[in-house]
Amino acid sequence: MPGARLHKRARAPRVPVIRCGAMLASGPFGCLVFYGALLVVKMYALAIVTGQVRLRKKAFANPEDALRHGGLQYHREDPYVERCLRAHRNDMENIYPFLFLGAAYCLIEPSLTVARWHFLVFFLGRVMHTVAYLFALKAPTRSLSYIIAQIPCFSMLVQIIVAVASYA
Amino acid sequence: MPGARLHKRARAPRVPVIRCGAMLASGPFGCLVFYGALLVVKMYALAIVTGQVRLRKKAFANPEDALRHGGLQYHREDPYVERCLRAHRNDMENIYPFLFLGAAYCLIEPSLTVARWHFLVFFLGRVMHTVAYLFALKAPTRSLSYIIAQIPCFSMLVQIIVAVASYA
Amino acid sequence: MPGARLHKRARAPRVPVIRCGAMLASGPFGCLVFYGALLVVKMYALAIVTGQVRLRKKAFANPEDALRHGGLQYHREDPYVERCLRAHRNDMENIYPFLFLGAAYCLIEPSLTVARWHFLVFFLGRVMHTVAYLFALKAPTRSLSYIIAQIPCFSMLVQIIVAVASYA
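Note that the structure is predicted; figures quoted are calculated from it, not measured.

## Focus: the UniProt feature "transmembrane region" (unreviewed entry) in chain A
Residue and element names in this part refer to chain A.
Okay, step 1: Per the UniProt record, "transmembrane region" (unreviewed entry) is annotated on residues 32-50, 119-137 and 144-167.
Okay, step 2: Each end of residues 32-50 is marked by a C-alpha atom, and these two atoms are 27 Å apart; helix forms 100% of the span and strand 0%.
Okay, step 3: In this annotation, residues 144-167 is assigned 88% helix and 0% strand; the end-to-end C-alpha distance for the span is 35 Å.

## Some details on the nonpolar core
Okay, step 1: Residues Phe 119 of chain A, Phe 119 of chain B together with Phe 119 of chain C are the most contacted members of the largest nonpolar core, which totals 114 residues.
Okay, step 2: Excluding anything up to four places from it in sequence, Phe 119 of chain C contacts Pro 28, Cys 31, Leu 32, Tyr 35, Phe 98, Gly 102, Tyr 105, Cys 106 and Met 156 of chain C.

## Examining the side chain of His 118 of chain A
Okay, step 1: One can find His 118 of chain A in helix 6 (residues 112-134).
Okay, step 2: If we skip the residues at most four places from it in the chain, His 118 of chain A touches Tyr 105, Pro 152, Ser 155, Met 156 and Gln 159 of chain A.

## Some remarks on the packing of helix 5 (residues 79-107) of chain C against helix 7 (residues 141-164) of chain C
All names here are of chain C.
Okay, step 1: The interhelical angle for the contact between helix 5 and helix 7, taken along N-to-C directions, is 35°, at an axis separation of 10 Å. Our pair here, helix 5 against helix 7, has a crossing hand that is left-handed. Judged by residue contacts, Asn 90, Asn 94, Phe 98, Leu 101, Gly 102, Ala 104 and Tyr 105 of helix 5 engage Tyr 146, Gln 150, Cys 153, Met 156, Leu 157, Gln 159 and Ile 160 from helix 7.
Okay, step 2: For the contact of helix 5 with helix 7, the class distribution of residues is 9 nonpolar, 5 polar and no charged.

## Section: the pattern of salt bridges
Oppositely charged side chains are able to pair whenever their charged atoms sit close together.
All names here are of chain A.
Okay, step 1: For the structure shown, the criterion picks out 21 salt bridges over all chains.
Okay, step 2: Salt-bridge contacts for Arg 126 lead to Asp 91; the nearest nitrogen and oxygen are separated by 3.0 Å. Of this pair, Arg 126 sits in helix 6 while Asp 91 sits in helix 5 (residues 79-107), and the two are 35 residues apart along the sequence. Of the two residues, Arg 126 and Asp 91, neither departs from the other in class, the shared state being buried.

Criteria and cut-off values
- Residues numbered from 1 in each chain as written.
- Chains lettered and ligands numbered in written order.
- Predicted model: local features only at pLDDT ≥ 70, side-chain atom pairs only at ≥ 80, totals over all residues.
- Heavy atoms only, no water.
- UniProt positions renumbered as here; feature names shortened; annotations may be inferred.
- Helix = DSSP H or I, 4+ residues; strand = E, 2+ residues; numbered from the N terminus.
- Core = buried A, V, L, I, M, F, W, Y, C linked by side-chain atoms within 4.5 Å.
- Buried < 20%, exposed > 50% of the residue type's maximum accessible area, 1.4 Å probe, protein only.
- Contact = heavy atoms within 4.5 Å.
- Axes fitted to C-alpha atoms, helices over the stretch in contact; angles between N-to-C directions.
- Left-handed = near helix turned anticlockwise from the far one by under 90°.
- Nonpolar A, V, L, I, M, F, W, Y, C, P; charged D, E, K, R; others polar.
- Salt bridge = Lys/Arg side-chain N within 4 Å of Asp/Glu carboxyl O.

Here it is as structure tokens:
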């Protein structure tokens, strides 16, 4: 059994069991998990808003939902629901790569202060992006917040690629 | 060379090389990887179903695919293809954050039993969600399975945020 | 404070602090981070292409963007913008699961050479997929590159599930 084999390996005298908590204790990882978790909360909140807008505007993507809420005439699109979906999709295009880049960045052992600034700027940029999207703020507010959030991502990308290029 | 530098650091006498297998051997991580892998299989299966529905219904999103399968008239949308795409998108909105939350949760060292219940409930909820979506089960079956899957996610979120709040 | 507790644990005499860099130094992880980072660059590039096509074709998803670029008549869809969005969505459906599978695969300690081939084939398949999508290459070029990229994913999936099945 491979699982058993891993267990044995991990308990062999010269290879200590990893206390996973030690990864968080390294600082940057704990900081990434904190802001990553808040960004997940932000995405969940957006999903709930979308559901509430569907109910209030009576605009359902599925006939079975429309039937439950008054009839098949409510199986329809709505511009504000579409806006929520675009905001959510943009989050998927940007927040998920950030979680990967952030984890890889922590592995190259940045200082906690520098790492925290990277994560904080991304977090604030993405919150601003969602607000700009949902309230349809005048252009280019949304694009600006997108660009602000991309700056730490590009910074992490460059540092990561330099650090691991030798493993290419 | 930064790669070389990492190598030297890792091999320094007081810092042991990490046997990555040891992370799996910690239990919760192995369990997350197991259910995470099954969820990826579920998503791949959904992609294959979508492709098969496109072929059977002759409804292609791209003209080059329509041309290959009978002509440009098959470059069109189909309600059941759209349903598959919505199911897949909902997976992306929920399963990817689960993978992040699950990994962060493992880092705070939960008991294996409690962790397994979190992952199992999410897994079953998401399988039920896909079934409810593909077979257009009567509302609110799909919403209920969505909510069931969100419960372990919220539980992990709270525990994670409490554990790493000091790194904010 | 749980954070403080983790700190103390990690600094206890028998549990060494994890130098996160050691994970990269294990080889496969460094290699995954390298190709993963390049794939994120590829996705960012696609997002920039989409934005440029929107500007050139004057086709904006949001009225506030259309207003800034000439008027509400440019709040409209465009077939080539839709094509870019489909390419990007397909990336989200496939590259994000790869990042999870790749990380889990590294935890089961593959040889660096075998791991590198898995990641390289996926990377090349996905680059080919994007090129085939953006230039609307004749079918089945795009499907073929999709299938090529899925081969290492299936291989990793099988190895992962076998390795962690005992934690189910």
